[in-house]
Every structure is written in C-alpha cells, then in structure tokens.
Amino acid sequence: MNRRDLLTSSAVVGLAPVAGCLTGLVDDEPSGEVVLDPPEESTQGEPSYPTYGESFPTFELSDPLLETSVDVDGIDEECLVCTTFFATCPAECVPLMHAISTVQANSLESGLGDDVRFLAITFDPERDTADELSDHAEMVDVDLEAGNWHYLRPQDDDEAKTVVEDELGIPFEREELGDDYDFAHITVTFLVNPDGYVERSYRGENPSTEQITDDLETVIDDRE
C-alpha cells in the first residue's frame, strides 16, 4: 500500500461520520435569508459543517502575503467563496484549488471580481509560509493582483484546529510519516452571501466550476 493509499484509508475510517454528497443535509427552512433555492441533493446524517441557510462562522486570520489580517465579520458587502487546504497536499487539494482559481477567473471575466472574496485557509501553518503560499498561487493559477483572493494562515496548530475543525466543522488529522507528515481531511467549499449565510456547501475535491460560478452570479445579481 503506497503513501496516498494509506492516507486515504485513514481518512475513510477516521472521517467517515461526515461523509456525504456535495451539499450536505438540507433543512426545509433555512435559518437565515438566502437567495438560492434549496439544493436537490441531500445526505444521511448531519454534516459537521454549516450548510444551506445556516450562519457562516466569523473569525480573523492573517494573510501572510498581504501582511495583514482578514476579519470575516467585517466583510459585509461581498460574497465569500471559502475552502480549506494545505499547500503541499499531493492529491485532493490540487484539483480543488485549481477549481477555486477557475471560479476566480470566471468572476473577473464577468466583471464581478469586486463582489466576491476568495478565502483559502491552510490548516498547515507550520509549512505554509508566505513563500510557500506564493509558490502555490503560481501553481494553481491564482490571480493575486486581482485583490480579491486571500490565503489565510492560522498562527499555530491550535488556532488551525479551532478555526478549521471547531468553527468551520471540517475535520482533519495529521498523519506522521517518518520524518514527514501529511493530513487526512475532507474537502468542502462554501458559498456565503453578503449577509453571512451559507448558500451552498460544495463537498468534494472536484466541485463544478460552472455550478459555483452560476450560483455566485445568481446571488450577486440578486443584491443589485
């Protein structure tokens, strides 16, 4: 069994309670005001992460590339597209982050770049330095010059656990591999409206860029 197979097996066993389809469990009545209709997909059990119509958690994290901090509670006129990752991920995070950067490119092409903020939160602050994140942006074609993309880095492992696992509800587990380490984790991408409510929780490492773009444009158009 190779390294990735071992990690995947651990992920299946340790993270199984939150397994499901793209959008998670759908309530009949959202708790907050949303634009999109309820998603058609549903899943058995209750996801640990916020889904359709639920409040998105607020937190403040450092953006090491811009040498500033981003307070989610202070973003009240833009949609958010938010996901979690780690830059040296050899598998799931690569297609995931390419997909999110494609949505960014689509938003810029449509003239909607000022109406959305992209948040990529690392849960590997030990290795994800400013230089590492800058290299990652180049690898996955992020447009840092657009001004609407933030790499967010917790100050340490404890803050990563607090924000990513406790507040966002996205479990991850560090796997020691000799002198190195990797992570077992799930992949979730959130679309949040300017009022702070989740419009969609897209589950999986290959979310549809067309669907996210269409959903984003619908939410933005409704605000105009």
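Okay, so let's go over this structure. Quick caveat: nothing in here was measured; it's all calculated off a predicted structure.

**Looking at the packing of helix H2 (residues 93-109) against helix H5 (residues 209-223)**
Here is step 1: Where H2 meets H5, the axes come as close as 9 Å, and the angle between the chain directions of the two elements is 45 degrees. It follows from the interaxial angle that H2 and H5 lie oblique. The handedness of the crossing between H2 and H5 comes out as right-handed. Across the interface between the two elements, Ala99, Thr102, Val103, Asn106 and Ser107 from H2 touch Thr209, Ile212, Thr213 and Leu216 from H5.
Here is step 2: Tallied by class, residues from the contact of H2 with H5 come to four nonpolar, five polar and no charged.

**Structural notes on the nonpolar core**
Here is step 1: Ranked by size, the top nonpolar core spans 54 residues in total, and within it Phe56, Phe59 and Tyr151 carry the most contacts.
Here is step 2: Setting aside chain neighbours within four positions, we find tyrosine 151 in contact with Ser62, Asp63, Pro64, Leu65, Phe85, Ala120, Leu133, His136, Ala137, Val140, Val142 and Leu144.

**Structural notes on unusual backbone geometry**
Here is step 1: Look at glutamate 67: it is not a glycine, yet its phi comes out positive at around 55 degrees.
Here is step 2: Structurally, the position occupied by glutamate 67 is in the loop between strand E1 (60-63) and strand E2 (68-71).
Here is step 3: With a relative accessible area of 75%, glutamate 67 lands in the exposed category.

**A few points about the sheet that holds strand E8 (residues 188-192)**
Strand pairing within a sheet occurs via backbone hydrogen bonds; the two strands may be parallel or antiparallel.
Here is step 1: Strand order in this open sheet of five strands is E5-E4-E3-E8-E9, and the pairing throughout is mixed. In this open sheet, the two edge strands, each paired with only one partner strand, are strand E5 (149-152) and strand E9 (198-203). Ignoring which end each strand starts from, the neighbouring axes of this sheet average 15 degrees apart.
Here is step 2: Where H5 meets the sheet, its contacts fall on strand E3 (79-85), strand E4 (116-122), E8 and E9, and the angle it forms with E9 comes to roughly 175 degrees.

**Side note on the pattern of salt bridges**
Here is step 1: In total, this model carries six salt bridges according to the counting rule given.
Here is step 2: Its salt-bridge partner being glutamate 165, residue lysine 161 comes within 3.3 Å of it at the nearest N-O pair. Here glutamate 165 and lysine 161 lie together in helix H4 (residues 157-167), a separation of four residues that amounts to about one turn.
Here is step 3: Residue class for lysine 161 comes out partly exposed when judged on its relative accessible area of 31%.
Here is step 4: In this structure, the salt-bridge partner of glutamate 176 is arginine 174, at a minimum N-O distance of 2.7 Å.

**Remarks on the pairing of E5**
Here is step 1: Of the two faces of E5, both are covered, the one formed by Trp149 and Tyr151 as well as the one formed by His150 and Leu152.
Here is step 2: In this structure, E4 lies alongside E5, joined through four bridges in parallel fashion. Its bridge partner being in E5, phenylalanine 118 is matched across the sheet by tryptophan 149.
Here is step 3: Each parallel crossover has a hand, and the one from E4 via helix H3 (residues 130-139) to E5 is right-handed.

**Focus on the pairing of E2**
Here is step 1: Pairing of E1 with E2 involves four bridges; the strand directions are antiparallel. In the sheet register, aspartate 63 faces E2, and the bridge partner there is threonine 68.

**Structural notes on the packing of aromatic side chains**
Here is step 1: Summed over the entire model, instances satisfying the criterion amount to twelve aromatic pairs.
Here is step 2: Considering the side-chain rings of tyrosine 49 and phenylalanine 190, the 6.4 Å spacing of their centres and the 70 degrees angle between planes classify their relative orientation as edge-to-face. Separated by 141 residues along the polypeptide, tyrosine 49 in the loop between helix H1 (3-14) and E1 and phenylalanine 190 in strand E8 bring together distant segments of the chain.
Here is step 3: Its relative accessible area of 0% is what places phenylalanine 190 among the buried residues.
Here is step 4: By the ring-pair criterion, three or more aromatic residues cluster together here, those being Phe86, Phe123, Phe172, Tyr181 and Phe183.

**A closer look at a negative patch on the surface**
Here is step 1: On the surface, a cluster of negative charge is contributed by Glu60, Asp71, Asp73, Asp76 and Glu77.
Here is step 2: The topology assignment puts aspartate 71 in strand E2.
Here is step 3: Residue classification places aspartate 71 among the partly exposed positions, given a relative accessible area of 33%.

**Topic: the environment of threonine 83**
Here is step 1: Residue position: threonine 83 is located in strand E3.
Here is step 2: Sequence separation between threonine 83 and threonine 122 is 39 residues, and the spatial gap between their C-alpha atoms is 8.8 Å.
Here is step 3: Here threonine 83 is in contact with Leu96, Met97, Ile100, Leu119, Ala120, Ile121, Val188 and Thr189, once residues within four sequence places are set aside.
Here is step 4: At 2.8 Å, the side chain of threonine 83 and the backbone oxygen of valine 188 are in polar contact.

The rules behind each value
- Residues numbered from 1 in each chain as written.
- Predicted model: local features only at pLDDT ≥ 70, side-chain atom pairs only at ≥ 80, totals over all residues.
- Heavy atoms only, no water.
- Axes fitted to C-alpha atoms, helices over the stretch in contact; angles between N-to-C directions.
- Helix = DSSP H or I, 4+ residues; strand = E, 2+ residues; numbered from the N terminus.
- Parallel < 35°, antiparallel > 145°, perpendicular 65-115°, else oblique.
- Left-handed = near helix turned anticlockwise from the far one by under 90°.
- Contact = heavy atoms within 4.5 Å.
- Nonpolar A, V, L, I, M, F, W, Y, C, P; charged D, E, K, R; others polar.
- Core = buried A, V, L, I, M, F, W, Y, C linked by side-chain atoms within 4.5 Å.
- Buried < 20%, exposed > 50% of the residue type's maximum accessible area, 1.4 Å probe, protein only.
- Pairing = 2+ DSSP bridges.
- Salt bridge = Lys/Arg side-chain N within 4 Å of Asp/Glu carboxyl O.
- Right-handed = clockwise from strand over helix to strand, strands pointing away.
- Phe/Tyr/Trp six-rings, centres within 6.5 Å; stacked < 30°, edge-to-face > 60°.
- Patch = residues over 30% accessible without salt bridge, like charges linked within 9 Å, V, L, I, M, F, W, Y side chains within 5 Å.
- Areas by Shrake-Rupley, 256 points an atom, 1.4 Å probe, with all protein chains shown as cover.
- Lys, Arg positive; Asp, Glu negative; His and termini not counted.
- Charge placed at Lys NZ, Arg CZ, Asp CG, Glu CD.
- Polar contact = N/O pair within 3.5 Å; in protein donor to acceptor, adjacent residues only side chain to side chain.

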